[in-house]
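Breakdown of the fold
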Amino acid sequence: SYVTGPAGFLADLGEAFGEIDGILLVVALAVVLVILLVVYRSPILPFLVLFSSVLALGVASAVIYWLADTEVLTLNGQSQGILFILVVGAATDYSLLLVSRYREELRRHHTPYDAMRASLKGTYEAILASGGTVILGVMALLLSELNSVQGLGPVAAVGIVFSMLSALTFLPAALVLLGRAAFWPFRPAYGSAPTEVRGIWGRVARFVGRRSRPVWVVVSLVLVGFAAFLPQFKADGVAQSDVFLATVEATEGQEALARHFPAGSGSPATVIGPADQTEALVATISGVDGVAAVVPLVDPATQQPVVVDGLVQLDVTLEAAADSDEAEQTVRTLRADLDEVSEDALVGGLTAVQLDTQEAAQRDLRVIIPVVLLVILLVLMVLLRSIALPVLLIGTVVLSFAATLGLAALVFNGIFDFPGADPSVPLFSFVFLAALGIDYNIFLMARVREETVRHGTREGMLRGLAVTGGVITSAGIVLAGTFLVLSVLPLVFLTTLGITVAFGVLLDTFLVRSVLVPALTLDIGPRIWWPS
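Residues numbered from 1 in each chain as written. Predicted model: local features only at pLDDT ≥ 70, side-chain atom pairs only at ≥ 80, totals over all residues. Heavy atoms only, no water.

A few points about empty space enclosed by the protein
- Inspection of the entire model under this criterion finds four cavities of 30 Å³ or more.
- Of the pockets and cavities examined, the largest cavity occupies roughly 130 Å³.
- What lines the largest cavity is a set of 14 residues, among which L97, R101, T123, R447 and T468 lie closest to the centre.
- When residues of the lining of the largest cavity are traced back to their parent elements, those giving at least two are α4 (77-106), α5 (112-139), α14 (424-455) and α15 (457-484).
- Class assignment for the residues of the lining of the largest cavity results in six nonpolar, four polar and four charged. (1 Å grid on protein atoms, 1.4 Å probe; cavity = no way out; pocket = protein on both sides within 12 Å on 5 of 7 lines; lining within 4 Å. Points joined across faces, edges and corners; volume = space filled by probe spheres on them. Helix = DSSP H or I, 4+ residues; strand = E, 2+ residues; numbered from the N terminus. Nonpolar A, V, L, I, M, F, W, Y, C, P; charged D, E, K, R; others polar.)

In structure tokens, the structure reads:
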């Protein structure tokens, strides 16, 4: 025996999301800890940064609990899982930027207090701009027609607020108290030469400086090549039976149902219409291809159709499974044909809800993406005091996102053979990649602008890349690693979202921010800062 149907699938989803509290957080923290140990080569600093992230998550969770409890926002399992990943990744990224600058300033200042004062002066603007951009980006999700998408906006925004606060309050205080001991055994001595310029990113900066035009041309062609596979990214929705990556009872029950009865038996479509037109409604429904049977809801005592406020309910059994493309097409035909009988006739049920959800998601893509791009453009213009450079950076964001979806399509179709992706995956991926990816733009170009004022555009770009390349790379790996943790849950939606964002962050980190943007800036020269 099997328990299936809408309630069965919801029960299995609830069980899958119930694992979020433990597995997701533990795996995410373990991944970040390993990466930080490799980056810092210190047994003290990684735990300090991780504790800062956990504090941010704890306070954010408490605030979100209160907002959900007072019904200010809607919280569901997917928003909760994304919150854990987003806060751990973002708080760690902001901490990496501060710690990198602090280590640099400890070589220039005798006391940890003076070094931290200079570090905060050099990073707080970039951290606030980065966090503000992410907050504005995710709040654009409030424009969605779907409650599940709307709810993620304020949830993610609260998480980012406390990620910034933790990185700008608790972490600086803890670092000052520990002083140079925080970096043990590789303590940065006062007056010692910086290692960043002599390291790998110093060599990358010099290479990009010598061959800026060939570099940006080649990188652009690589990204365009990935972007060419964008049309293969299937985001038209996933059948309910394909939502799980593991076998669950609801899926097995649906398959058994389809073997013995019309596949739509467990989840009939529901038609509500005027009772005085019942015969015309039944005749129209029966004539639609894909309909197996239609019966009115009857009163068990009188065996007559139940009439409420002049309306009657008709249960329509479809030949195809309720979550299939064929069933959705049948519902479209039903709606079109019934409109000719009565404009008051409505078609609902599981299939209709899935169809309306997909159409709302497609509308959200067309509305929210331009808003997010405009918000990011305005923030960059204010921060960089330029028009030309922000426009260029927005162009790289769009190219990087297209390349990410193309690469994800190759992997999902050719390696994992996924049945498709939820329509909200491209939207969530874009919001996270655009908003979080712009963090690395801000980390890089805020420092480049600082150096440009002293040394000119070319030297400023080379110095900025050399000193920020390491922290941007580390931040990108941390963020990609944390989002990849979403794939530990047996759900197609979170797995595809985690892998897509991870791919995008890595492309952004290693190609776009670290190579393409510097090469373009060097090739264009001082005109990049127009009009300032």
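Structural notes on the confidence of the model for the protein chain
- Taken as a whole, the protein chain shows an average pLDDT of 85; of its residues, 97% reach a score of 70 or greater.
- Per-residue pLDDT, averaged within each element of the protein chain, yields its smallest value for helix α2 (residues 20-40) (77) and its largest for strand β5 (residues 346-348) (93). (pLDDT = per-residue confidence, 0-100.)

Some details on unusual backbone geometry
- Residue P185 follows W184 across a cis peptide bond; omega there is 10°.
- As for its position among the elements, P185 is in the loop between α6 (147-178) and α7 (200-210).
- For the bond running from W530 to P531, omega is 5°, close enough to zero to count as cis.
- Tracing the backbone shows P531 in the segment after α16 (492-524).
- Even without being a glycine, E71 presents a positive backbone phi close to 65°.
- If you trace the backbone, E71 turns up in the loop between α3 (45-69) and α4.

Here we look at the nonpolar core
- Formed by 147 residues in total, the largest nonpolar core has its most connected members in Y94, L175, F233, F428, F432, M445 and F483.
- Among the elements that make up this core, the one with the highest residue count is α14 (17 residues).
- Excluding residues that lie within four positions of it along the chain, M445 makes contacts with L384, L389, L393, V517, T521 and W529.
- Core analysis: the second largest hydrophobic core is formed by 18 residues, A269, L281, L314 and L355 among them. (Core = buried A, V, L, I, M, F, W, Y, C linked by side-chain atoms within 4.5 Å. Buried < 20%, exposed > 50% of the residue type's maximum accessible area, 1.4 Å probe, protein only. Contact = heavy atoms within 4.5 Å.)

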